[in-house]
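This is what each chain is made of:
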Amino acid sequence: MKKFSIGFAFVSLLIAGVLSYFASGDPDGLDKTVEDTGIAEHAREHPFAGGTFADYALGGDDRFTGLAGVLGVVVVLGLSFGLFWVLRKKSGAR
């Protein structure tokens, strides 16, 4: 299980840090449909639109897309493993 967890973390970081630079900047199908049908005219910005990681970039700079991805993966993996560790300890006490 430990080898799997390390491998999973490595592959996740590799995808977020390297492959994210090859992602298309064009809108996806849902965004395109919303724009074409006029639904986007009624949209509002969400509270985190100006945040540090908005638009999959660090501080709005596209050069840091990979870094934003890596930091996102680290945060999610840290929270996940922390939650699993807490839940494992509680279930083992029964």
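Keep in mind that what you see is a predicted model, and the values were worked out from it rather than measured.

A. Spotlight on the overall build of the protein chain. Assigned secondary structure in the protein chain consists of 3 helices and 0 strands. Listed N to C, the secondary structure of the protein chain is α-α-α in terms of helices and strands. Computed over C-alpha atoms, the radius of gyration of the protein chain comes to 18 Å, more than 25% over the 12 Å expected from 2.2 N^0.38 for 94 residues, which places it beyond the range of a compact globule. Across its three principal axes, the protein chain shows a C-alpha extent of roughly 55 × 30 × 25 Å. Buried positions account for 14% of the 94 residues belonging to the protein chain.

B. The arrangement of helix α1 (residues 2-17) in detail. For α1, built from 16 residues, the straight-helix expectation of 22 Å at 1.5 Å per residue is met to within 8% by its first-to-last C-alpha distance of 22 Å. Burial in α1 covers these residues: S5, A9, S12, A16 and G17. The buried residues of α1 occupy an angular sector of 115° when the element is viewed end-on, so they sit on one face. Exposed residues pointing more than 90 degrees away from the buried face of α1 are listed as K3, F4 and F10.

C. Looking closely at a nonpolar patch on the surface. A contiguous nonpolar surface patch, about 830 Å² in accessible area, is contributed by F10, V11, L14, I15, V18, L19, Y21 and F22. Considering the arrangement of structural elements, one finds I15 in helix α1. Among the residues examined, I15 registers a relative accessible area of 45% and is labelled partly exposed.

D. Quick peek at the layout of surface pockets. Of the pockets and cavities examined, the largest pocket occupies roughly 730 Å³. In terms of lining, the largest pocket is formed by 18 residues, of which the most central are S24, G25, D26, D55 and Y56. Where the lining of the largest pocket is concerned, the elements lending two or more residues are α2 (29-37) and α3 (65-92). Residues that form the lining of the largest pocket fall into these classes: 7 nonpolar, 5 polar and 6 charged. The volume enclosed by the second largest pocket comes to roughly 200 Å³. If you go around the second largest pocket, the residues you meet are M1, F4, S5, F8, L77, S80, F81, F84, W85 and R88. Listed by contribution, the elements that provide at least two residues to the lining of the second largest pocket are α1 and α3. The element contributing the most residues to the lining of the second largest pocket is α3, with 6 residues. Tallied by class, residues from the lining of the second largest pocket come to 7 nonpolar, 2 polar and 1 charged.

The rules we used
Residues numbered from 1 in each chain as written. Predicted model: local features only at pLDDT ≥ 70, side-chain atom pairs only at ≥ 80, totals over all residues. Heavy atoms only, no water. Helix = DSSP H or I, 4+ residues; strand = E, 2+ residues; numbered from the N terminus. Rg over C-alpha atoms; globule rule 2.2 N^0.38 Å. Buried < 20%, exposed > 50% of the residue type's maximum accessible area, 1.4 Å probe, protein only. Expected span 1.5 Å × (residues − 1). Arc of directions from axis to C-beta. Patch = residues over 30% accessible without salt bridge, like charges linked within 9 Å, V, L, I, M, F, W, Y side chains within 5 Å. Areas by Shrake-Rupley, 256 points an atom, 1.4 Å probe, with all protein chains shown as cover. Salt bridge = Lys/Arg side-chain N within 4 Å of Asp/Glu carboxyl O. 1 Å grid on protein atoms, 1.4 Å probe; cavity = no way out; pocket = protein on both sides within 12 Å on 5 of 7 lines; lining within 4 Å. Points joined across faces, edges and corners; volume = space filled by probe spheres on them. Nonpolar A, V, L, I, M, F, W, Y, C, P; charged D, E, K, R; others polar.

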